[in-house]
Number of protein chains: 2
Amino acid sequence: MKFYDCQTAPSPRRARIFIAEKGLNVDTIQVDLATNEQLSPAFRAINPRCTVPVLVLDDGTTLTENQGIAAYLEAAFPEPPLLGRTPQERGLVANWNARCELEGLWAVAECFRNRSKGLANRAITGPQDFAQIPALAERGRARAEEFLLTLDTRLRESRYLAGDFFSMADITAICVVDFAGWIKLSVPEDYLGLQRWRAALRERPSLAL
Amino acid sequence: MKFYDCQTAPSPRRARIFIAEKGLNVDTIQVDLATNEQLSPAFRAINPRCTVPVLVLDDGTTLTENQGIAAYLEAAFPEPPLLGRTPQERGLVANWNARCELEGLWAVAECFRNRSKGLANRAITGPQDFAQIPALAERGRARAEEFLLTLDTRLRESRYLAGDFFSMADITAICVVDFAGWIKLSVPEDYLGLQRWRAALRERPSLAL
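What you see is a predicted model, and the numbers here were worked out from it, not measured in a lab.

About the thresholds
Residues numbered from 1 in each chain as written. Chains lettered and ligands numbered in written order. Predicted model: local features only at pLDDT ≥ 70, side-chain atom pairs only at ≥ 80, totals over all residues. Heavy atoms only, no water. Pairing = 2+ DSSP bridges. Helix = DSSP H or I, 4+ residues; strand = E, 2+ residues; numbered from the N terminus. Salt bridge = Lys/Arg side-chain N within 4 Å of Asp/Glu carboxyl O. Buried < 20%, exposed > 50% of the residue type's maximum accessible area, 1.4 Å probe, protein only. Least-squares fit on C-alpha atoms with pLDDT ≥ 70 in both. Contact = heavy atoms within 4.5 Å.

Caption draft 1: Spatial organisation of the sheet that holds strand β3 (residues 54-56) of chain B. Residue and element names in this part refer to chain B. The sheet built from 4 strands is open, its strands ordered β2-β1-β3-β4 with mixed pairing. Each edge of the open sheet is held by one strand with a lone partner, namely β2 (27-30) and β4 (62-63). Sheet topology note: the strand β1 (residues 2-5)/β2 ladder contains 4 bridges and is parallel. Counterpart to F3 in the pairing with β2 is T28.

Now the structure itself:
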């Protein structure tokens, strides 16, 4: 397998943590988003979507989305499980993971990409240019704030997002929470559920990646 | 189990088709989005996110996202498989499903919700109001057009989206293609891959739902 990563970006970090939690050693190639290497002909040949993460399997199968990468790795390397064991657990992990993307990741990205000077015309990842929409930066921030409250509410009643076990949903959530720092959104001190969970996650070596 | 549906909306249609493909008979309750029943106190008690689909399991577990519902049903009722059999298949189904959401479903929804008079202040589903952003309607349409080309390119070389088998990715994709009609976007006649696939899907009874 080959893993195309970018050490500084939130989306490939999700896959990087997932791979580390599985205890896998995968050939890793850094793609320099700062110099737009993802738009180069060489990288387009690997992923015409011009995004990371990318996982290329030994048979050439190319996975370009975190969900695809996670589904493959979970089936190929079941231990430790990161998508849940029972049907209920699997449902809850996928449900919370989807919410973390929709309500959290896309909201923070919307804010960040629509207001960063360095991303003019790059409001959406991918091969096509899209102009920034300033109203989206505001809206994204409001939604991201709301998402932190959602996380805190859940984590006051549950050890991890999907239940009493660590899962992909926690990986996505912590990547969103750290990414929120890029839009100067930090976790309020009185968000005790979220603070407790975050402190517990800091002890996992994968999270330092 | 109880399934909260809305017969006219694209997102619950995905779950409805998934349930039908599994051959399951599930108690179904219609939620009338046209009269904002999803915002009523009674429905908020079921899903504070104010969205459909919702699947409530017999133990009370509540799944509010298509991905959560699909992950649960696939694990609880494995036959026929809709998320792939082998690790490669599982990766490809999840990868294409994620692309259909990101590049297709959210693009069409962005266009539709930001230009429909009836959805003023309802630019995003959920409990909170958000003003429409007209520039998003245009951008969403451009991205949805691009997505139809992506589908056609893939379906010229592959029988179904994830390979030679029908899967959740096809369910999401056909829901997007039909939803695109709401923004007056139809499949060009010379998109022969997409046209062939669409004609084949029409023979599945679940798709009439």
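Caption draft 2: Structural view of the pattern of salt bridges. A full pass over the atoms with the stated rule returns 30 salt bridges over all chains. Where E110 of chain A meets R139 of chain A, a salt bridge forms, and the shortest distance between an N and an O atom there is 3.4 Å. You can see E110 of chain A sitting in helix α4 (residues 87-115) and its partner R139 of chain A sitting in helix α5 (residues 134-157), a full 29 residues away along the chain. Residue E110 of chain A is classed as buried on the basis of its relative accessible area of 12%. Judged by its relative accessible area of 10%, R139 of chain A is buried. The shortest N-O distance in the salt bridge between R141 of chain B and E145 of chain B comes to 3.7 Å. Of the two residues, R141 of chain B and E145 of chain B both sit in helix α5 (residues 134-157), 4 residues apart, roughly one turn of that helix. A residue is classified by how much of its surface remains accessible, and E145 of chain B, at 39% relative accessible area, is partly exposed.

Caption draft 3: Local environment of the relation of the copies chain A and chain B. Superposing chain A onto chain B takes a rotation of 180° combined with a translation of 0.0 Å along the rotation axis, leaving an RMSD of 0.0 Å. Such a combination of turn and shift is consistent with a two-fold rotation axis. Comparing interface residues between copies, 100% of those in chain A also lie at the interface in chain B; the contact surface is shared.

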